[in-house]
Amino acid sequence: EVRSAGRRNFSLAHEITHGMFDDHDGRRFFLRTRDRAAYDKDPETMLLERLCDAGAAELLMPRRFFLEAIERRGFSARGLV
């Protein structure tokens with residue numbers, strides 16, 4: 001159970017992003033995996049999950065808006081790293 005509204009929003013955005021990628025055989029897109037160990041070892045699936053995380057972040061806070069917001073406050077993206 002996800003309690004935080006922010007985490008719920010991120011999870012939903014992540015799942016929405018899955019819809020942007022092809023799943024021709026229907027094996028990769030599921031909320032609960034039966035074999036998590038095999039799922040975590042599949043490089044293609046791991047890449048897809050990272051891409052969906054990045055897509056979720058863009059849906060929730062597009063990079064351009066983030067950079068503009070921190071620059072208005074006198075910060076820089078480089079300074080945050």
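Details of the structure are given in the entry above.
No experiment lies behind these values; they were computed from the predicted model shown. Residue positions are given per chain, counting from 1 as you read along its sequence in written order. Owing to the predicted nature of the model, reporting of local features is limited to residues with pLDDT of at least 70; listing and counting of side-chain atom pairs is limited to 80 or more, with chain, interface and lining totals taken over all residues. Side-chain figures throughout are based on the complete set of non-hydrogen atoms in the structure, without hydrogens or water.

S.K.: Any chance you could explain helix α3 (residues 43–60) here in plain terms?
M.R.: Because the α-helix completes a turn every 3.6 residues, residues three or four places apart line up on one side. Helix and strand assignments follow DSSP, with helices taken as H or I runs no shorter than four residues and strands as E runs no shorter than two, numbered in order from the N terminus. Multiplying 1.5 Å by the helix residue count minus one yields the expected span of that helix. In this model α3 runs 26 Å from its N-terminal to its C-terminal C-alpha over 18 residues, within 8% of the 26 Å that 1.5 Å per residue would give. For every residue, the accessible area obtained with a 1.4 Å probe (protein chains only) is divided by the maximum for its type, and the residue is called buried under 20%, exposed over 50%, and partly exposed between those limits. Three or more residues of α3 are buried, namely T45, L48, E49, C52, G55 and A56. One side of α3 holds all its buried residues, which, seen down the axis, span an arc of 125°. Residues of α3 that are exposed and point over 90 degrees away from its buried face: P43 and R50. This arc is built from the directions going out from the helix axis to the C-beta atoms.

S.K.: Help me out: how do you make sense of the side chain of T17 in this one?
M.R.: With respect to the element layout, T17 can be found in helix α1 (residues 5–18). Think of a polar contact as two N or O atoms within 3.5 Å of one another; within protein, one of them needs to be a possible hydrogen donor and the other a possible acceptor, and neighboring residues in sequence only count if both atoms come from side chains. Polar contacts involving the side chain of T17 include one to the main-chain carbonyl oxygen of A13, which spans 2.8 Å. Leave out the neighbours within four places in its chain, and T17 touches L51, C52, G55, A56 and L59. Should any heavy atoms of two residues lie within 4.5 Å, those residues are considered in contact.

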